[in-house]
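Structure at a glance
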Amino acid sequence: MRLLERVLSFAGAGVLFVGLASQAQMIDNTQAPNTAKAGINKSLLDEIGAGRGDVMTPGSSIFIINRDPFRAIRRGRQLFQRKFTRLQGQGANEKDGVGDINNDIAIGAGLSDSCALCHGRPRGSGGAGGNVVTRPDSRDAGHLFGLGLKEMLADEITTDLRATRDLAIAKAQQTKHPVTMKLVSKGVNYGSITANPDGSLDTSKVAGVDTDLRVKPFFAEGSTISIREFVVGALHNEMGMEASADPDLLAASTGGRVVTPSGMVLDGSKDKISPPPAPDDQNGNEVDPAIVDHLEFYLLNYFKPAHYIQNSSTDRGRAVFNKTGCSSCHIPDMTINHDRRVADVETVYDPVNGVFNSLFATASTLYYTKDDGSGNPVLKLPLGNSFVVRDIFTDFKRHDLGANFYERNWDGTMQTMFLTRPLWGVGTTGPYGHDGRSITLNDVILRHGGEAQAARDAFAALKSNDLNNLLAFLNSLVLFPPDDTASNLDPGDPTKNYFPQFGHGSIKLTVLFNDPTDTE
């Protein structure tokens, strides 16, 4: 049954879906009950359930991810918004802020009680807004929209580049002569590599990526491979919560190969995988692997940014964007070969059906069902089809953008190379730059230099009409608050009492649970 048909069938059956729109950070109703009944409905122990388990262990993270995946996404979202308490392991973070920050920059991280404190704008989203202070000149927390798409694209690019490297080695050994091959994936040129007959490599012409050809899509400098490492690191660095028993990172960081519950392959024989932190001195392991499983699955499936008003001005602005050379690094579209998500959400300007923000989201499922004969709910597994990621605007390469973007490190060195930041959502993520130093889009574009000097100069020379159209185009690439964005899952109902505080619509995954009456 198609997603929308299923939603309507639930409504026709008279099922009542209870649950108010939630805040950026959320309290636990079992710890802080309130008359409004706003907040997380399950205790942390209930969210952990039966731990990691497997597909045959009801209540475990693996069971839920594989048999009730939209509950897993929603649970990950509730964990992301959850205000963790000291009794649950929150704080202090890395060495409680004391130590040699020259060699341990995590000492400079801020202390939070939830993921949403740094990633919470727009309201209730995995957006931007925090300042993580991991460099002398600060470091702004980027938004997490489309995070899973970024992980998949970067991983597939890595596979392509390494396949080219291996082919060059095989040809060199076969011909007994050096073989040089271009490193190209998804339309992006990463330089070239030369293989010698003895199996050695000349990587001096590799561009924008480490010489091991691993594309690292996370953090401004491009330093982390996977969502799972990102989650475990953030729990430790920004929240003081130790996922020291994470089985996937323990195995992969010591040379093993694992496939995470979200389908990401971590192979320690090919890549340096970040190990989990040491156990807390008082509490030991503070984060059950099930928590990390749900957070990883949530972020894998997290919505991509929206498109606001598209008109002749934004169309002309897109053309100007290409003409000035911005698209040479900010490449608009890329195709994923094997999509590991179970759903996609397309969010566009719709003043008729949108309520708070004139946006309307259309969700579509990307899974198939399989009855394994166990008597448990059927498996709901990713289709694994190709997917065109539109208007991401990145090339997953590191670039030198000139001295205006350089960043001081605590040890006195300078960070000069930065990953091309995707521009989707850029219209709602100011101030700009990895350090938040640029107040407007105009400022941050003029700040470009180095490899982007020609594009910057072309921008600076634009006539006012072209400039205004270009800025209109960039400002149409927006983030959105899922709880306040009407969708085909919850279109909104203006007849509700106290509309629009009630009945404004939302992207409500609850209707896709196996049991929608059991809310998260």
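Everything that follows concerns the structure shown earlier in this document.
Before going into details, it helps to say that this report is about the structure given with it. (Residues numbered from 1 in each chain as written. Predicted model: local features only at pLDDT ≥ 70, side-chain atom pairs only at ≥ 80, totals over all residues. Heavy atoms only, no water.)

Some words on helix α8 (residues 289-300)
Going by this rule: In this text, helices come from DSSP runs of H or I with a minimum length of four residues, and strands from runs of E with a minimum of two, each type numbered from the N-terminal end. Helix span is expected to be 1.5 Å times the residue number reduced by one. Partly exposed describes any residue whose relative accessible area lies between the buried limit of under 20% and the exposed limit of over 50%, with all areas from a 1.4 Å probe on protein chains only and scaled to the type maximum. Two residues form a contact once any of their heavy atoms are found within 4.5 Å.
Look at α8: 16 Å from first C-alpha to last across 12 residues, which is about the 16 Å you get at 1.5 Å a residue. Buried residues dominate α8, accounting for 12 of its 12 residues. Among all positions of α8, only P289, A290, I291, V292, D293, H294, L295, E296, F297, Y298, L299 and L300 are buried. Close packing links the buried residues of α8 with α2 (44-48), α3 (61-67), α4 (69-81), α5 (147-175), α6 (227-239) and α7 (247-252).

Focus on the sheet that holds strand β3 (residues 179-185)
Put simply, the rule is: Note on pairing: DSSP must find at least two bridges between two strands before they are called paired. Simply put, an axis is a line fit to the C-alpha atoms, just over the touching stretch for a helix, and the angle between two N-to-C directions goes from 0 to 180 degrees.
What the three strands build is an open sheet, ordered β3-β4-β5; its pairing is antiparallel. The two strands at the open ends of the sheet, each matched to only one other strand, are β3 and β5 (201-202). In this structure, strand β4 (residues 188-195) lies alongside β5, joined through two bridges in antiparallel fashion. Opposite A195, over in β5, you have L201 as the bridge partner. The strands touched by α5 are β3, β4 and β5; relative to β3, the strand with the most contacts, the crossing angle is about 165°.

Topic: the packing of aromatic side chains
Quick reminder of the rule: For Phe, Tyr and Trp, rings pair up if their centres lie within 6.5 Å, where Trp contributes its six-membered ring, and each pair is then called stacked (planes under 30 degrees apart), edge-to-face (over 60) or tilted (otherwise). Note on geometry: a ring has a charge over it if NZ (lysine) or CZ (arginine) is within 6 Å of the ring centre and within 35 degrees of the ring normal.
What the rule picks out here adds up to 14 aromatic pairs. Look at Y298 and Y302: their rings are 5.2 Å apart centre to centre, the planes differ by 65°, and that puts the pair in the edge-to-face class. When its relative accessible area of 3% is taken as the criterion, Y298 is described as buried. On the accessibility criterion, Y302 (3% relative accessible area) is buried. Between F393 and F473, the aromatic rings sit 5.8 Å apart at their centres with planes inclined by 80°, giving edge-to-face as the arrangement. In this pair, F393 is assigned in the loop between β14 (387-389) and β15 (398-399) and F473 in helix α12 (residues 464-475), connecting sequence segments 80 residues apart. F473 carries the same exposure label as F393, and that label is buried. Taken together, the aromatic side chains of F80, F145, Y298, Y302, F303 and F480 make up a single cluster linked through ring pairs. Looking at K397, its charged tip hangs above the ring of Y190, at a distance of 5.9 Å from the centre. Here the guanidinium or amino end of R447 rests over the ring plane of F405, the centre of that ring lying 4.4 Å away.

Here we look at a nonpolar patch on the surface
In plain terms, the rule: Here a patch means residues that are over 30% exposed by relative accessible area and free of salt bridges, tied together within 9 Å if like-charged and within 5 Å if nonpolar (Val, Leu, Ile, Met, Phe, Trp, Tyr). To be clear on the numbers: accessible area is Shrake-Rupley with a 1.4 Å probe, and residue cover counts the displayed protein chains and nothing else. Salt bridges are counted wherever a side-chain nitrogen of Lys or Arg sits within 4 Å of a carboxyl oxygen of Asp or Glu.
Judged by side-chain polarity, Y308, I309 and Y349 come together as a nonpolar surface patch covering roughly 220 Å² of accessible area. Along the chain, Y308 turns up in the loop between β8 (306-307) and α9 (312-323).

Here's the deal with the packing of α6 against α8
Just so we agree on the cut-off: For classification purposes, an angle smaller than 35 degrees is called roughly parallel, one larger than 145 roughly antiparallel, one from 65 to 115 roughly perpendicular, and anything else oblique. Crossing chirality is assigned from the near helix's rotation relative to the far helix, an anticlockwise turn below a right angle marking it left-handed and a clockwise turn marking it right-handed. Note on residue categories: nonpolar means Ala, Val, Leu, Ile, Met, Phe, Trp, Tyr, Cys or Pro, charged means Asp, Glu, Lys or Arg, and polar means any other residue, Gly included.
Running from N to C, α6 and α8 point in directions that differ by 125°, and their axes come no closer than 9 Å. Taken together, α6 and α8 sit at an angle that is classed as oblique. In this structure, the crossing between α6 and α8 has a hand that is right-handed. Together, I227, R228, V231, V232 and L235 of α6 and P289, V292, D293, L295, E296, L299 and L300 of α8 make up the contact between the two elements. The residue inventory of the contact of α6 with α8, partitioned by class, reads nine nonpolar, no polar and three charged.

Observations concerning the pattern of salt bridges
Two side chains of opposite charge can pair, provided their charged atoms sit close to one another. Applying the stated criterion across every chain yields a total of 43 salt bridges. Residue K42 is joined to D518 by a salt bridge in which the shortest nitrogen-to-oxygen separation is 2.8 Å. Here the residue K42 occupies a position in the loop between α1 (3-12) and α2, and D518 occupies one in the segment after β20 (486-487), the gap between them amounting to 476 residues. K42 gets classed as buried once you look at its relative accessible area, which sits at 13%. You can call D518 partly exposed: its relative accessible area is 31%. When the shortest N-O distance is used, the salt bridge between E156 and K186 registers 2.9 Å. Of this pair, E156 sits in helix α5 while K186 sits in the loop between β3 and β4, placing them 30 residues apart in sequence.

Observations concerning the side chain of T260
Topologically, T260 is positioned in the loop between β6 (257-259) and β7 (265-267). Contact partners of T260, with chain neighbours within four places excluded, come to R228, D248, L266 and E296.

Some points on empty space enclosed by the protein
Stated precisely, the cut-off is as follows: Points on a 1 Å grid over protein atoms alone make up a cavity when a 1.4 Å probe fits among them but cannot get out, and a pocket when they form an open set with protein on both sides within 12 Å along at least five of seven lines; lining residues each have an atom within 4 Å of a point. Grid points are joined across faces, edges and corners, and a volume is the space filled by probe spheres set on the points.
Scanning the entire structure with this criterion turns up three cavities of 30 Å³ or more. When its volume is computed, the largest cavity comes out at roughly 130 Å³. Contributing elements (two or more residues each) for the lining of the largest cavity: α4 and β10 (343-349). Ranked by residue count, the leading element in the lining of the largest cavity is β10, at three residues.

Some remarks on the pairing of β4
The buried count for β4 comes to seven of eight residues, which makes it a mostly enclosed element. In the sheet, β3 pairs with β4 via six bridges, with the strands oriented antiparallel. Note on β4: the bridge partner recorded for M181 is I193. Adjacent in sequence and paired antiparallel, β3 and β4 are bridged by two residues, among which K186 carries a positive phi angle near 55°.

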